[in-house]
Amino acid sequence: MSGLSERFARHALVLGFRQDRLAAATVVIAGVGALGNVVAQALALAGVGKLVLCDPDEVAASNLSRAPLFRPADVGRPKVLAAKDTLAALAPETVVVARQAALVSGVGLAEMRDASLVVGCLDSRAARMSLAGRAGLVRARWIDAATSAWGGEVRPFLDPDGPCYACALSPEERAKSDVPWSCMDPRRPAELGSSAPVAGLVGAWASALAARVIMGEAAATDAVVIDVLRGAAEPLRMQRAPDCPLHAPIGEATRIPLGSDATVGALRAALGPGARPLAWSPLLQRLECPRGDHAEEAWGMPCTRGCPRCGTLMRARTTLLFESAPEGAVLSDLGVAPREILAVLGRVGITYVELS
Ligand SMILES: [Zn+2]
Ligand SMILES: [Zn+2]
């Protein structure tokens with residue numbers, strides 16, 4: 001027996017277990033907190049070929065009690081890199097790609113479209129809305145995992161023509177949470193109570209479902225609500241809301257020989273005159289002191305800081321038009337993800353280009 005077949009010998013005893021399909025799969029994990037740790041660990045051990053980990057944050061001491069991939073020496077390091085190191089030791093056959101960014105800047109639409117599955121391990125409605133919106137644009141399949149104090153929910157969104165995450169929200173809830181996930185948003189997700197046993201429970205459920213989906217085996221299409229106090233896991237039927245705004249996928253994208261490491265000038269040259277490429281989330285253009293004593297040009301991800309003259313928090317002016325940015329600005333510095341698909345406003349309406 002070869003090393004790999006020995007490693008997966010117990011899988012081979014499970015009826016219908018498709019090791020080859022796991023090995024060929026790419027799974028994007030959005031959010032690498034406690035839940036994302038559990039999911040990444042389970043899928044890497046199961047033999048998933050490639051994991052793309054996306055999370056903007058660094059390991060905090062309070063993560064250590066809940067996240068099996070982090071070590072005390074990792075405090076202060078990017079979560080995605082700490083997780084990648086542990087996974088390399090646990091499951092050396094799995095390729096792990098680490099993206100320290102919010103989802104919109106970390107994983108391009110083309111990469112989401114081509115992934116076998118996306119698993120959302122996020123901790124706020126705004127971040128889930130961002131994932132649901134991007135998944136809807138390219139009809140990507142995803143599973144949402146969420147914990148409560150003693151239980152949680154796992155929601156599969158596997159049919160692009162079925163219900164989506166936002167279908168269950170009221171128009172007010174959708175509007176309130178449809179904000180870019182950035183440091184400009186003063187409403188950072190509130191810290192939620194969470195523990196290793198519960199993250200393990202919910203993350204394991206999501207991982208088992210993910211494995212079934214990747215293997216192409218029949219899997220539950222209903223959400224499940226897990227409640228330890230009641231000793232029950234019950235299906236929750238989801239329904240497609242006709243007024244939900246997230247059901248408008250983008251059209252076919254034309255590939256261009258530029259990556260997110262290209263400059264704004266190169267992008268404009270590649271698209272030709274009259275084409276106006278658009279950002280999916282606002283680009284910071286200018287910072288202005290509300291007291292009017294200072295203003296500065298500032299390109300990059302939306303962010304703010306205190307006025308150098310009076311210390312008041314400056315107002316950020318943003319734009320969705322790349323043409324306003326300096327020629328030499330690099331797309332990734334403006335928050336454009338690798339393999340992003342960009343909408344381009346032109347004379348014939350909106351078309352789409354896919355970065356290489
Ligand atoms: Zn919907
Ligand atoms: Zn000022």
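For clarity, every value in this text was computed on a predicted model and none was experimentally measured.

**Student:** Could you clarify how one ought to interpret the coordination of the zinc ion (ligand 1) in this entry?
**Tutor:** The expected angle between donors at a tetrahedral four-coordinate metal is 109.5 degrees. At an octahedral six-coordinate metal it is 90 or 180 degrees. C164 (SG), C167 (SG), C244 (SG) and H247 (NE2) make up the full set of protein donors to the zinc ion (ligand 1), lying at 2.1 to 2.3 Å. Because the angles between the four donor atoms bound to the zinc ion (ligand 1) fall within 95 to 121 degrees, the donor set is best described as tetrahedral.

**Student:** Is there a simple way to explain a nonpolar patch on the surface in this structure?
**Tutor:** Taken together, the side chains of W150, L201, V228 and L229 make up a nonpolar region of the molecular surface, amounting to roughly 410 Å² of accessible area. Relative to the assigned elements, V228 resides in the loop between β7 (223–227) and β8 (232–236).

**Student:** Whenever I open this one, the pairing of strand β6 (residues 151–157) confuses me. Can you help?
**Tutor:** Within a regular strand, side chains alternate between the sheet's two faces. Counting buried positions along β6 gives six out of seven residues, so the element sits mostly inside the fold. In terms of strand pairing, strand β5 (residues 142–148) meets β6 through seven bridges, oriented antiparallel. What sits directly across from T147, in β6, is G152. Between β5 and β6, which pair antiparallel in sequence order, lie two residues. In this sheet, β7 lies alongside β6 in antiparallel orientation, the contact comprising four bridges. Opposite E153, over in β7, you have V225 as the bridge partner.

**Student:** I would appreciate a short explanation of the pattern of salt bridges in the present structure.
**Tutor:** Side-chain pairs of opposite charge can arise whenever the charged atoms involved come near each other. In the structure shown here, the tally under the stated rule is 21 salt bridges. Residues R230 and D227 are paired through a salt bridge, measuring 3.9 Å at the closest nitrogen-oxygen approach. Here E327 and R268 are joined by a salt bridge, their closest N and O atoms 3.1 Å apart. Remark: R268 occurs in helix α11 (residues 264–271) and E327 occurs in the loop between β12 (315–321) and β13 (341–346); sequence separation between them is 59 residues.

**Student:** Any chance you could explain the domain arrangement of the protein chain here in plain terms?
**Tutor:** For interface size, the figure often reported is the accessible area lost on association. With domains assigned, the protein chain is organised as domain 1 (3–236) and domain 2 (253–355). Between domain 1 and domain 2, the C-alpha centre-to-centre distance is 29 Å. Contacts between the two partners involve 18 residues from domain 1, matched on the other side by 17 residues from domain 2. Where domain 1 abuts domain 2, roughly 1,300 Å² becomes buried across the two surfaces, and 66% of that area is made up of carbon and sulfur atoms.

**Student:** Just checking my understanding: could you explain the pairing of strand β3 (residues 95–99) for this structure?
**Tutor:** The pairing of strand β2 (residues 50–54) with β3 spans five bridges and is classified as parallel. Paired with K50 across the bridge in β3 is V95. In this fold, the crossover linking β2 to β3 by way of helix α5 (residues 79–90) has right-handed handedness.

**Student:** Hey, could you run me through the coordination of the zinc ion (ligand 2) in this one?
**Tutor:** The protein atoms donating to the zinc ion (ligand 2) are C289 (SG), D293 (OD), D293 (OD), C307 (SG) and C310 (SG), with metal-donor distances spanning 2.1 to 2.8 Å. All donor residues of the zinc ion (ligand 2) come from one chain, and their arrangement in sequence is C-x3-D-x13-C-x2-C. C310 sits in the partly exposed class, given a relative accessible area of 29%.

**Student:** Mind showing me how you'd approach the packing of helix α4 (residues 34–46) against helix α10 (residues 196–214) here?
**Tutor:** Geometry of a packed helix pair, given as the angle between the helix axes and the separation of the axes. Between α4 and α10, the shortest axis-to-axis distance is 8 Å and the interhelical angle comes to 45 degrees. Classified by the angle their axes make, α4 and α10 are oblique. Handedness of the crossing formed by α4 with α10: right-handed. Across the interface between the two elements, A34, L35, V38, V39, A42 and L43 from α4 touch A199, G200, V202, G203, A204, A206, S207 and A210 from α10. Partitioning the contact of α4 with α10 into residue classes produces 11 nonpolar, three polar and no charged.

**Student:** Hey, could you run me through the environment of K84 in this one?
**Tutor:** You can see K84 is positioned in helix α5. Residue classification places K84 among the partly exposed residues on the basis of a relative accessible area of 32%. K84 sits 44 residues away from A40 along the chain, and the two C-alpha atoms are 9.3 Å apart. Those residues in contact with K84 that sit more than four places away from it in its chain are L53, V96 and A98.

Conventions and cut-offs
- Residues numbered from 1 in each chain as written.
- Chains lettered and ligands numbered in written order.
- Predicted model: local features only at pLDDT ≥ 70, side-chain atom pairs only at ≥ 80, totals over all residues.
- Heavy atoms only, no water.
- Donors = N, O, S within 2.8 Å, 3.2 Å for Na, K, Ca; no water.
- Tetrahedral: all angles 85-135°; square planar, octahedral: opposite > 155°, others 65-115°.
- Patch = residues over 30% accessible without salt bridge, like charges linked within 9 Å, V, L, I, M, F, W, Y side chains within 5 Å.
- Areas by Shrake-Rupley, 256 points an atom, 1.4 Å probe, with all protein chains shown as cover.
- Salt bridge = Lys/Arg side-chain N within 4 Å of Asp/Glu carboxyl O.
- Helix = DSSP H or I, 4+ residues; strand = E, 2+ residues; numbered from the N terminus.
- Buried < 20%, exposed > 50% of the residue type's maximum accessible area, 1.4 Å probe, protein only.
- Pairing = 2+ DSSP bridges.
- Domains from an automatic or database assignment.
- Contact = heavy atoms within 4.5 Å.
- Buried area = accessible area lost by both parts, 1.4 Å probe.
- Right-handed = clockwise from strand over helix to strand, strands pointing away.
- Axes fitted to C-alpha atoms, helices over the stretch in contact; angles between N-to-C directions.
- Parallel < 35°, antiparallel > 145°, perpendicular 65-115°, else oblique.
- Left-handed = near helix turned anticlockwise from the far one by under 90°.
- Nonpolar A, V, L, I, M, F, W, Y, C, P; charged D, E, K, R; others polar.

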